[in-house]
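Residue-level listing of the chains:
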Amino acid sequence: MELFDPKGSVGEQEKHLILIALGVMLLVVIPVIVLTLVFFWRYRETNTAATYSPKWSHSTKIEVVVWTIPVIIVVALAVMIWETTHKLDPYQPIEPIATDKPPVRVEVVALNWKWLFIYPDYKVATVNKLVLPVDTPVEFKITAESLMNAFFIPQLGSMVYAMSGMQTKLHLIANETGTYAGMSSAYSGPGFSDMHFKAHVTSQGDFDKWVKEAQAVPDTLDAPTYVKLEQPGTAAPVAIYANVMPGLFDAVVGKYMGPMDGGAQGMRVSGNSAIDDIIAAANCRVDGQLDSRALLAQRPEREAGAQPASQRALTE
């Protein structure tokens, strides 16, 4: 029922689309149900006044009705769907309400089974908590560490899938302050039922205050911390990180692509070694735990461009 209580313009338009489509389809369903009951009663065995036509086979009037009405409905739905599909395209940016309110960028990583939200413009990140300013467009970039999930805040709008090695996009806006439920709407294993979060929509002033508080927390999100964080686990508590390593989201997307030559090299993170740091940290896991000493021992070799000896496969 949250779909029928939207708190953003995208969710409001989707609600109208659902109701209009439902109403149009009821134009067929309701008359069929009513006429079925009428026919049962009128042509019952005890009603001798009803016309009995055992050899009846055709009626032009009936044919016109049963074909014309569905054709009109299908055409109407097709026109409406064509228009709204483009208008509500999740990749389509939302125009800001005020020119002095630039969109807030949020990078979303679906982990097993928790959500990581990175604010690249503020260099902070959260786990299972999303904070957004009201009446401000939000640009989401979405990916997954491994299993495919679906990012969904029902009261704000569209659902978009999160897939490893790929990046999807979503643009939303919240027009009312409040706390709204967020979830994964695609089954992704035993921790799926705990993979939910709260989206807190605040005033611009409260959002700015929260950002400053988040930037002051002692916990940082670097490659070793991320490798620990991405280990599967359920019911993860809310966490806040400051000083997020540059290019972390792009590193999560690109680390499965392997080395590339030529123009495709741009798919790897340029200007930093985020991918190498994450892969190195992952390869230094022993029985699921990060071996910090091994990671530090590899750093001079990686900085020198050499491949560390006895490197484990990332899939391990």
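This is a predicted model, so every value here is computed, not measured.

Visitor: Lay out the sheet that holds strand β9 (residues 178-184) with the relevant residues and their values.
Guide: Strand order in this open sheet of 5 strands is β4-β10-β9-β6-β7, and the pairing throughout is mixed. Looking at which strands have only one partner, the edges of the open sheet turn out to be β4 (129-133) and β7 (160-162). Neighbour-to-neighbour, the strand axes of this sheet turn through a mean angle of 25 degrees, independent of strand direction. Pairing of β4 with strand β10 (residues 196-202) involves 5 bridges; the strand directions are parallel. Bridging from a neighbouring strand, K129 pairs with K198 of β10. Those strands touched by helix α3 (residues 204-215) are β4 and β10, and its axis lies near 135 degrees from that of β4.

Visitor: For helix α1 (residues 9-42), give the residues involved together with the corresponding values.
Guide: When the terminal C-alpha atoms of α1 are compared, their 49 Å separation across 34 residues agrees well with the 50 Å that a helix rising 1.5 Å per residue should span. Along α1, the helix axis deviates most sharply at L26, where the bend reaches about 35 degrees. Check the buried side of α1 and you find it contacts α2 (60-87) and β8 (168-172).

Visitor: Please set out the layout of surface pockets residue by residue, giving values where relevant.
Guide: Volume-wise, the second largest pocket comes out at about 250 Å³. In terms of lining residues, the second largest pocket is bounded by Y43, R44, E45, N47, T48, A50, T51, Y52, S53, P54, W56 and I62. Grouping the amino acids of the lining of the second largest pocket by side-chain chemistry returns 6 nonpolar, 4 polar and 2 charged.

Visitor: Can you break down the nonpolar core residue by residue, with the values?
Guide: In this structure, V106, F117, Y119, L130, F140 and F151 are the most contacted members of the largest nonpolar core, which totals 38 residues. When contributions to this core are tallied by element, the ones reaching two or more residues are β1 (104-111), β2 (114-119), β4, β5 (138-144), β7, β8, β10 and α3. With residues up to four places along the chain from it excluded, the contact list for F117 reads V106, E107, V108, V124, A125, T126, N128, K129, L130, F151 and F197. L111, L221, V244 and V252 belong to the second-largest nonpolar core, a separate cluster that totals 17 residues.

Visitor: Tell me about the pairing of β9, residues and numbers included.
Guide: On a regular strand, one side chain projects to one face of the sheet and the next to the other, so that they alternate. The pairing of strand β6 (residues 149-152) with β9 spans 2 bridges and is antiparallel. Bridge pairing in β9 links F151 to S184.

Visitor: Please set out unusual backbone geometry residue by residue, giving values where relevant.
Guide: Here the amide bond leading from N112 into W113 is cis, since omega sits at 0 degrees, within 30 degrees of zero. Positioned with a positive phi, D135 is a non-glycine residue whose angle comes to about 55 degrees. Positive phi, close to 50 degrees, is recorded for N243, a residue that is not glycine. Note on placement: N243 falls in the loop between β11 (239-242) and α5 (248-254).

Visitor: Tell me about the pattern of salt bridges, residues and numbers included.
Guide: Pairs may arise between side chains of opposite charge once their charged atoms sit close together. Applying the stated rule across the entire model yields 4 salt bridges. Note that E176 and K7 form a salt bridge whose closest N and O atoms lie 3.4 Å from each other. With E176 in the loop between β8 and β9 and K7 in the segment before α1, the pair connects residues that are 169 residues apart, well separated along the chain. Here K7 falls in the buried class, since its relative accessible area comes to 16%. Here K141 and E107 are joined by a salt bridge, their closest N and O atoms 3.7 Å apart. Taken together, the positions of K141 in strand β5 and E107 in strand β1 put the pair 34 residues apart, joining distant regions of the chain. Residue K141 is classed as partly exposed on the basis of its relative accessible area, which comes to 22%. E107 sits in the buried class, given a relative accessible area of 9%.

Visitor: Hey, could you go over the packing of aromatic side chains for me, with residue numbers and the actual values?
Guide: Each pair of aromatic rings is reported with the distance of its centres and the angle of its planes. Applying the stated criterion across every chain yields a total of 12 aromatic pairs. Judged by centre distance (6.2 Å) and plane angle (65 degrees), the ring pair of F117 and F151 falls under edge-to-face. With a gap of 34 residues between them, F117 in strand β2 and F151 in strand β6 connect regions that are remote in the sequence. Overall, the relative accessible area of 0% leaves F117 in the buried class. The class for F151 is buried, based on a relative accessible area of 0%. Pairwise contacts between aromatic rings join W115, F117, F140, F151 and F197 into one cluster.

Visitor: Tell me about the sheet that holds β2, and please be specific about residues and values.
Guide: Read from one edge of the open sheet, 6 strands run β8-β5-β1-β2-β3-β11, paired in mixed fashion. What marks the edges here is a single partner per strand, and that holds for β8 and β11. Direction aside, neighbouring strands of the sheet carry axes that sit 20 degrees apart on average. Inspection of the sheet shows strand β3 (residues 124-127) paired to β11 by 4 bridges, in the antiparallel sense. Of the residues in β11, the one forming a bridge with V124 is A242. The strands touched by α3 are β1, β2, β3 and β11; relative to β11, the strand with the most contacts, the crossing angle is about 75 degrees.

Thresholds applied
Residues numbered from 1 in each chain as written. Predicted model: local features only at pLDDT ≥ 70, side-chain atom pairs only at ≥ 80, totals over all residues. Heavy atoms only, no water. Pairing = 2+ DSSP bridges. Helix = DSSP H or I, 4+ residues; strand = E, 2+ residues; numbered from the N terminus. Axes fitted to C-alpha atoms, helices over the stretch in contact; angles between N-to-C directions. Contact = heavy atoms within 4.5 Å. Expected span 1.5 Å × (residues − 1). Bend = angle between axes of the 7 residues up to and from the residue. 1 Å grid on protein atoms, 1.4 Å probe; cavity = no way out; pocket = protein on both sides within 12 Å on 5 of 7 lines; lining within 4 Å. Points joined across faces, edges and corners; volume = space filled by probe spheres on them. Nonpolar A, V, L, I, M, F, W, Y, C, P; charged D, E, K, R; others polar. Core = buried A, V, L, I, M, F, W, Y, C linked by side-chain atoms within 4.5 Å. Buried < 20%, exposed > 50% of the residue type's maximum accessible area, 1.4 Å probe, protein only. Salt bridge = Lys/Arg side-chain N within 4 Å of Asp/Glu carboxyl O. Phe/Tyr/Trp six-rings, centres within 6.5 Å; stacked < 30°, edge-to-face > 60°.

This is a description of form; function is not addressed.
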